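Next come the chains, spelled out residue by residue.
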Amino acid sequence: MTKKPIPRKPPQYVPDTKEKLTLYVTLMVSTTLCISVLAMVVAFMLGLWAKEVDNAEIFKMISPAFSTLIGGMIGFLSGIKLMQNEDKSKSCKD
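Since the model is a prediction, treat every value here as computed from it, not as a measurement.

The subject of this paragraph is the overall build of the chain. Tallying secondary structure elements over the chain gives 2 helices and 0 strands in all. A burial count over the chain gives 14% of its 94 residues as buried. The contacts of the chain with a sequence gap of at least 6 include a subset with a gap of at least 24, amounting to 62%. Accessible surface, the chain as shown: approximately 8,200 Å² in total, 69% of it carbon and sulfur.

Turning next to a nonpolar patch on the surface. There is a patch of nonpolar side chains on the surface, built from Val41, Met45, Leu48, Trp49 and Phe59 and spanning about 480 Å² of accessible area. Examining the composition of the nonpolar patch, we find that 4 residues originate from one element, helix α1 (residues 17-49), more than from any other. With respect to the secondary-structure elements, methionine 45 resides in helix α1. On the basis of relative accessibility, which here comes to 37%, the residue methionine 45 falls in the partly exposed class.

Here we take up the side chain of threonine 22. Here threonine 22 shows up in helix α1. Setting aside residues no more than four positions away along its own chain, threonine 22 makes contact with Ile80 and Gln84.

Along its 33 residues, α1 runs 48 Å from first to last C-alpha, staying within 8% of the 48 Å computed at 1.5 Å per residue. Where α1 is concerned, the buried positions are Thr22, Thr26, Val29, Leu33, Ser36, Met40, Phe44 and Gly47.

Next up on the list: the environment of methionine 40. By the element assignment, methionine 40 lies in helix α1. A sequence separation of 22 residues divides methionine 40 from isoleucine 62, and the C-alpha atoms of the two residues are 7.5 Å apart. Look past the residues within four positions of methionine 40 in its chain and what remains in contact with it is Ile62, Ala65, Phe66 and Leu69.

Quick look at the side chain of threonine 26 now. Following the sequence through the fold, threonine 26 ends up in helix α1. The residues touching threonine 26, leaving out its near neighbours within four places in the chain, are Leu77 and Ile80.

Conventions we followed
- Residues numbered from 1 in each chain as written.
- Predicted model: local features only at pLDDT ≥ 70, side-chain atom pairs only at ≥ 80, totals over all residues.
- Heavy atoms only, no water.
- Helix = DSSP H or I, 4+ residues; strand = E, 2+ residues; numbered from the N terminus.
- Buried < 20%, exposed > 50% of the residue type's maximum accessible area, 1.4 Å probe, protein only.
- Contact = heavy atoms within 4.5 Å.
- Areas by Shrake-Rupley, 256 points an atom, 1.4 Å probe, with all protein chains shown as cover.
- Patch = residues over 30% accessible without salt bridge, like charges linked within 9 Å, V, L, I, M, F, W, Y side chains within 5 Å.
- Salt bridge = Lys/Arg side-chain N within 4 Å of Asp/Glu carboxyl O.
- Expected span 1.5 Å × (residues − 1).

This is how it looks when you write it as structure tokens:
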């Protein structure tokens, strides 16, 4: 009588500390970006319907900050993703 081997579960992947930190930072940056964009859109909308405020002045004040914030956050997120891809390609070569 032959004994059948006991089926074992494949080992689970456990992310390392760097991956957890990258995920946490990415989620925090994404959340901050969403909150900031929503706040700026609300400011735009309130500025459009406020009678005592000149619409051109609101757009002059908020537009550069809006562009800077969006560009900075997107650049940061893309940098994180590029670093992740670079780390994976280095580990594949090893």
